[in-house]
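Topology and contacts: notes
One-letter residues, chain by chain:
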Amino acid sequence: MCGIFGYVGKKPAAPILIEGLKTLEYRGYDSAGIFVPGFGVVKSVGPIANLEKKITSDIKGDSGIAHTRWATHGPPTELNAHPHLDMSGSVALVHNGIIENFRELKESLVVQGVTFKSDTDTEVLIKLIGSLYAGNLYEAVKNALKRVRGTYGILVQDEHRPDVIVAARMGSPIVLGVGADGNFVSSDPSALLTHTKKVIYLNDGECAVIKKDSYEILNLAGKKLQKNPETVEWDLESVQKQGYEHFMLKEIFEAGEVIESTIRGRLILEKGKVRLGGMDAVLPKLASLNRLVIVGCGSAYYAGQVGRCMLEEYAGLPVEVELGSEYRYKRNLSDKKTAVLAVTQSGETADTLASLRSAKKLDLLTLGIVNVVGSTIARETDAGVYNHAGPEVAVASTKAFISQLVVFAMLTVLIAREKGMSQAEAKKILDELNALPSVIKKYLSDTKDIKKIAKKYSGYKNAMYIGRKFHAPIASEGSLKLKEVTYIHAEAFAGGELKHGSIALLDKDFPVIAIAPKDDVYEKMISNIEEVKARSAPILAIATEGDSHITDVADDVIFIPKVHPILQPIVSTIPLQLLAYYVGVEKGLNVDRPRNLAKSVTVE
Ligand code: M6R
């Protein structure tokens, strides 16, 4: 995610800003920039080291604001990097979050003669602030924010008032660091720790006017608030993990926020419609496709398999799912009414990219579901959807996978509506999707049973995952997670397939994880579980809350909330991620960096 850092004090600001940005590097970013009053804006694409090279010793100001950008609106270019300036070129802004109504704000500014240089929502916000600025920066920020819908953590500074930084927060963190020799502000307390342990967290709707030896906290109504600094006791690494023991756990627990961010501004609930801006241009083609081929690797491939179930079941679109490493070498028999959809977190996976390029050679329509904005696959596809899941640090994909399923659910409704799905049916799905973040957050608020169960299952050398229909690929994803972070040999099968061979493996030392929510194949799954039970294999079931029968057949049960069938695989995935995580921790393994694996596989 983007990172923010600001300083106003007595020392040269540029080196402090650069150091602050370096502490934020772990969050992931693609470009960076600083603003020092009197010296303007310096930006660069790529590592902070690129920015550092551009900072000359004559940049001597003792205050400034800085940003690392993880692209959301527009590719990672210098033009899109922050800080952005108002029309006068003297007021600068850094921003984390998404301004949802940026299009309508932009239109109203264009009418006033305001011009834009970048593709970003952030530039719209600073141009709005600039248009309302009449000498009091806090007033201008406050009045602009009253017109904004969306999320933000911002810092604003005026060239002519280098002694003041205005900060504000709505849904995106801002924390002040109260120092002896000046004050600091960041989106992340870890960036403050080398300077001070005294911090003040802003709440949503709060602003701060920060000077070198004072600060004032106010709300958007202009009322002053009394907030005293608290002392941060954590060290740097634990602050970066926000108190979680590992990035993997933090990223699993981010699922609710990730879904919020993936759906933000994309659901038109009252009309039962989905708006995916990146697909607008190709929507008529999507609705008349003969076939969609989904290509991905690892977890992205399994997300594609769930996507196939969604698209076939609800949109009536025939779908094939191919491994990137296979599709690229296959004889391609696609007709012109076939589109190829690449699913990838990093947007750089070599096999997925090669598959995409081979589809392009045949002149097929190419699409992407990509998390990293501006990545190669995002740039090379004809159209696509960004996940907005934020950077994933742990090697094992968790939150990106969840977000991929959410995009597939939205894509399904988008296409299904073109092909005749009723408004009422779509609305039902979208209402539930909109409510999903709170369902997931509630579910994640009590997971101690999963930890206990993980301890019990951590001693086995093998595991078999089974599921049917939507949950067959979820079984595969669950087994992949277990393999990656625990090194336990795990296999996955569609429940009905066991009897054709693999059931021979089972005995009392070979547990089976059965994903058996109450859906239209529940009875079939129960029969499969009975078959397993007859071979004395220990059974851990993932089942729907309130299912009283499941405890008769399974040794252990993890209950999950019931949601709309198209969304159920999203919920079912979470306990499987947690199970793998807790087993890995129980075995004392490095769950964030498993052996032999790389986060992004950019070689064949
Ligand atoms: O960046 P991508 O989504 O293209 O990566 C694909 C796979 O390499 C990735 O999902 C891998 O399987 C993960 N380690 C799974 O946890």
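Just so it is clear, the structure is predicted and the values come from calculations on it, not from any experiment.

**Describing the overall build of the chain**
Per the secondary structure count, the chain includes 20 helices and 27 strands. Over its C-alpha atoms, taken along the principal directions, the chain stretches across nearly 75 × 55 × 45 Å. Sorting the 604 residues of the chain into buried and exposed places 60% on the buried side. Within the chain, contacts between residues at least 6 apart in sequence are counted, and of these 70% link residues at least 24 apart. Accessible surface, the chain as shown: approximately 23400 Å² in total, 50% of it carbon and sulfur.

**Side note on the site of the ligand**
In the vicinity of the ligand lie 14 residues, with Thr344, Gln345, Ser346, Thr349 and Glu484 positioned nearest. At 2.6 Å from an oxygen atom of the ligand is found a main-chain nitrogen or oxygen belonging to Gln345. Residue Ser397 places a main-chain N or O atom 2.7 Å away from an oxygen atom belonging to the ligand. Expressed as a share of its isolated accessible area of 410 Å², the protein-covered part of the ligand is 91%. The set of elements that each furnish at least two residues to the shell around the ligand consists of α10 (298–315) and α17 (471–486). The residue inventory of the shell around the ligand, partitioned by class, reads five nonpolar, seven polar and two charged. Among the domains, domain 2 (235–445) and domain 3 (447–589) are the pair contributing at least three residues each to the shell around the ligand.

**Focus: the sheet that holds strand β18 (residues 291–296)**
With respect to topology, five strands assemble into an open sheet ordered β19-β18-β20-β21-β22, the strand pairing being parallel. With one partner strand each, in any of the chains shown, β19 (319–323) and β22 (383–386) form the two edges of the open sheet. Across the sheet, the mean angle separating the axes of adjacent strands is 20° when strand polarity is ignored. Two elements, β18 and strand β20 (residues 338–344), share five bridges in a ladder whose sense is parallel. Bridge assignment links Leu292 to a residue of β20, and that residue is Ala339. Relative to the sheet, α10 contacts β18, β19 and β20, its axis offset from that of β19 by approximately 175°.

**Remarks on the pairing of strand β23 (residues 462–467)**
Counting buried residues along β23, five of its six residues qualify, which places the element largely inside the surrounding structure. Where β23 lies against strand β24 (residues 489–494), six bridges are found, and the strand directions are parallel. Paired with Asn462 across the bridge in β24 is His489. Handedness of the crossover joining β23 and β24 through α17: right-handed. Pairing geometry for β23 and strand β25 (residues 512–516), over three bridges, is parallel. Bridged to Tyr465 within β25 is Ile513.

**Points about the side chain of Glu254**
Along the chain, Glu254 falls in the loop between α7 (247–253) and α8 (255–263). Within the local environment of Glu254, its side chain forms a polar contact with the side chain of Lys250, the two groups lying 2.9 Å apart.

**Here we look at the sheet that holds β23**
One open sheet holds the five strands; their spatial order is β24-β23-β25-β26-β27, and the pairing between them is parallel. Each edge of the open sheet is held by one strand with a lone partner, namely β24 and β27 (556–560). Mean inter-strand twist for the sheet, computed between neighbouring axes without regard to direction, equals 20°. Each of β26 (539–544) and β27 is contacted by helix α16 (residues 448–457), which is oriented at about 145° to β27, the strand it contacts most.

**Side note on the domain arrangement of the chain**
Segmentation of the chain into domains returns domain 1 (2–232), domain 2 (235–445) and domain 3 (447–589). Between domain 1 and domain 3, the C-alpha centre-to-centre distance is 46 Å.

**What to know about the nonpolar core**
Core analysis: the largest hydrophobic core is formed by 99 residues, its most contacted members being Met279, Leu286, Leu292, Leu367 and Leu433. Tallying contributions element by element places helix α14 (residues 399–418) first for this core, with 13 residues. Among all residues touching Leu367, those that are not within four sequence positions of it are Met279, Val282, Leu286, Leu292, Ala339, Val340, Leu341, Ala342, Leu356, Thr381 and Ala383. Ile99, Leu109, Ile129 and Leu145 belong to the second largest nonpolar core, which has 29 residues in total.

**Regarding the pattern of salt bridges**
According to the stated counting rule, one finds 30 salt bridges in the structure shown. Note that Glu78 and Lys54 form a salt bridge whose closest N and O atoms lie 2.8 Å from each other. Of this pair, Glu78 sits in the loop between β4 (63–69) and β5 (84–85) while Lys54 is found in helix α2 (residues 48–54), placing the two residues 24 residues apart along the sequence. Using a relative accessible area of 38% as the deciding quantity, one classes Glu78 as partly exposed.

The rules behind the values
Residues numbered from 1 in each chain as written. Predicted model: local features only at pLDDT ≥ 70, side-chain atom pairs only at ≥ 80, totals over all residues. Heavy atoms only, no water. Helix = DSSP H or I, 4+ residues; strand = E, 2+ residues; numbered from the N terminus. Buried < 20%, exposed > 50% of the residue type's maximum accessible area, 1.4 Å probe, protein only. Contact = heavy atoms within 4.5 Å. Areas by Shrake-Rupley, 256 points an atom, 1.4 Å probe, with all protein chains shown as cover. Near = heavy atom within 4 Å. Polar contact = N/O pair within 3.5 Å; in protein donor to acceptor, adjacent residues only side chain to side chain. Nonpolar A, V, L, I, M, F, W, Y, C, P; charged D, E, K, R; others polar. Domains from an automatic or database assignment. Pairing = 2+ DSSP bridges. Axes fitted to C-alpha atoms, helices over the stretch in contact; angles between N-to-C directions. Right-handed = clockwise from strand over helix to strand, strands pointing away. Core = buried A, V, L, I, M, F, W, Y, C linked by side-chain atoms within 4.5 Å. Salt bridge = Lys/Arg side-chain N within 4 Å of Asp/Glu carboxyl O.

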